[in-house]
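# A closer look at the structure
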Amino acid sequence: EVEIYERLVKNIADVNNFTTMSQDKFDKVVKLARAIRERLSLTINDKNIPFETMVAEVKSIKPSLVIIDHLNILTTSEKFKDNLTRLEYLTRRMKETAKELEIPIVCVCQLNRSSADRDTKRPNLSDLRGSGSIEQDANMVIGVYRPEYYLLQNKPDEGGKGYEKWEEQMAKYKGKAEVLIMKNRRGRTGDCQFIFEGSYYRFTEINND
C-alpha cells in the first residue's frame, strides 16, 4: 500500500527521488500526498485473499473500478484439478462480476516465455499465460512492448561485433513504448506510441508536433 501511494505521488508531483529535493519541495510533496490520500477514494488490499472474498469486499465498497494484480497468483476457495481449469473459472467469474456490478475490472496477467524464441518480442494473445480463457472472456486485451528493455538484456561488448548497430537501435527506441490493443470487442485493434518515464511510473503520449 505504501509503495502504491509513493508511486502516485511521484507520478503527480513529478518527483523521482525524495532524498535529493529541497526542504520547500519536500513540504509541498508531503502536502500533496496527504491531499491524494484524503481525496482519492482508493482501497488497497495487499493480502492474499481468495477471489470469492475479494468479490464480497468489492460488493460492499462499490468502487467504480477494480484492478487485480495479478491473475496468475490469484487464489480461490474452490478446488480444481489443474491450473488451466482454475484460470478458466477465475476469468469467467471476473466477467460475471463486472457485468453484475456494471464496473470495469482490469486484471494484470503475466506472459509465458514463448516470445523468447522469436526474433520480435512484441507480445500477442498466445503469449498470455492461460491465454484461452483470457482471450475468450476479456472484452479487451492490452499489451505493452518496450524494445529498449530487450535491447538492454542483449547488450554486446563495447567495441565488439554488433555494438554499433546496438547503439543505433538504443538511440531509436530509448524511452519508447508501444501499447498494443490485441483484442477489442467493441472497437478497433492496433497500437499507440508512448514515452515510458520509469522514474515517474507513467506513460505519456508522444507529441508529434
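Here's what I pulled together on the structure shown here. (Residues numbered from 1 in each chain as written. Predicted model: local features only at pLDDT ≥ 70, side-chain atom pairs only at ≥ 80, totals over all residues. Heavy atoms only, no water.)

### Overview of the overall build of the protein
The helix and strand tally for the protein stands at seven helices and six strands. The helix and strand sequence of the protein, counted from the amino end, reads α-α-α-β-α-β-α-β-α-α-β-β-β. With respect to the three principal axes, the spread of C-alpha positions in the protein is 55 × 50 × 35 Å. A burial count over the protein gives 31% of its 209 residues as buried. Intrachain contacts of the protein at a sequence separation of at least 6 include 54% that bridge at least 24 residues. Carbon and sulfur atoms make up 49% of the accessible area of the protein, which totals about 14600 Å². Side-chain charges of the protein comprise 35 positive and 33 negative groups, with the mean position of each set lying 3 Å from the other. (Helix = DSSP H or I, 4+ residues; strand = E, 2+ residues; numbered from the N terminus. Buried < 20%, exposed > 50% of the residue type's maximum accessible area, 1.4 Å probe, protein only. Contact = heavy atoms within 4.5 Å. Areas by Shrake-Rupley, 256 points an atom, 1.4 Å probe, with all protein chains shown as cover. Lys, Arg positive; Asp, Glu negative; His and termini not counted. Charge placed at Lys NZ, Arg CZ, Asp CG, Glu CD.)

### Regarding helix α4 (residues 83-101)
In a regular helix each residue adds 1.5 Å, so 19 residues correspond to 27 Å; α4 covers 27 Å between its end C-alpha atoms and thus fits that length. Buried residues of α4: R86, L87, Y89, L90, T91, M94, K95, T97 and A98, and no others. Its side-chain oxygen 3.3 Å from the backbone nitrogen of L84, D82 forms the N-cap of α4. Following α4 by one or two positions, E102 has its phi on the positive side, about 55°. (Expected span 1.5 Å × (residues − 1). Polar contact = N/O pair within 3.5 Å; in protein donor to acceptor, adjacent residues only side chain to side chain.)

### Topic: helix α7 (residues 163-173)
Residues of α7 that are buried include every one of Y163, W166 and M170, and no others. Down the axis of α7, the buried side of the element spans an arc of 55°, and every buried residue falls inside it. Turned more than 90 degrees off the buried face of α7, the exposed positions are E164, K165 and A171. For α7, the secondary structure elements touched by its buried residues are α6 (147-153). Downstream of α7 by one or two residues, G175 has phi in the positive range, about 75°. (Arc of directions from axis to C-beta.)

### Remarks on the packing of helix α1 (residues 2-13) against helix α2 (residues 23-39)
Look at α1 against α2: their axes get within 10 Å of each other, and the N-to-C directions meet at 120°. By the angle between their axes, α1 is oblique relative to α2. Handedness of the crossing formed by α1 with α2: right-handed. Along the contact surface, α1 presents Y5, L8, V9, I12 and A13, while α2 presents K25, V29, L32, A33, I36 and R37. The residue inventory of the contact of α1 with α2, partitioned by class, reads nine nonpolar, no polar and two charged. (Axes fitted to C-alpha atoms, helices over the stretch in contact; angles between N-to-C directions. Parallel < 35°, antiparallel > 145°, perpendicular 65-115°, else oblique. Left-handed = near helix turned anticlockwise from the far one by under 90°. Nonpolar A, V, L, I, M, F, W, Y, C, P; charged D, E, K, R; others polar.)

### Some words on the pattern of salt bridges
Considering all chains together, one arrives at twelve salt bridges under this definition. For E6, the salt bridge is made with K10, and the minimal N-O distance between the two is 3.3 Å. Here the residue E6 and the residue K10 both occupy positions in helix α1, the gap between them amounting to four residues, near one helical turn. Taking the relative accessible area as the measure of exposure, K10 reaches 9% and is therefore buried. (Salt bridge = Lys/Arg side-chain N within 4 Å of Asp/Glu carboxyl O.)

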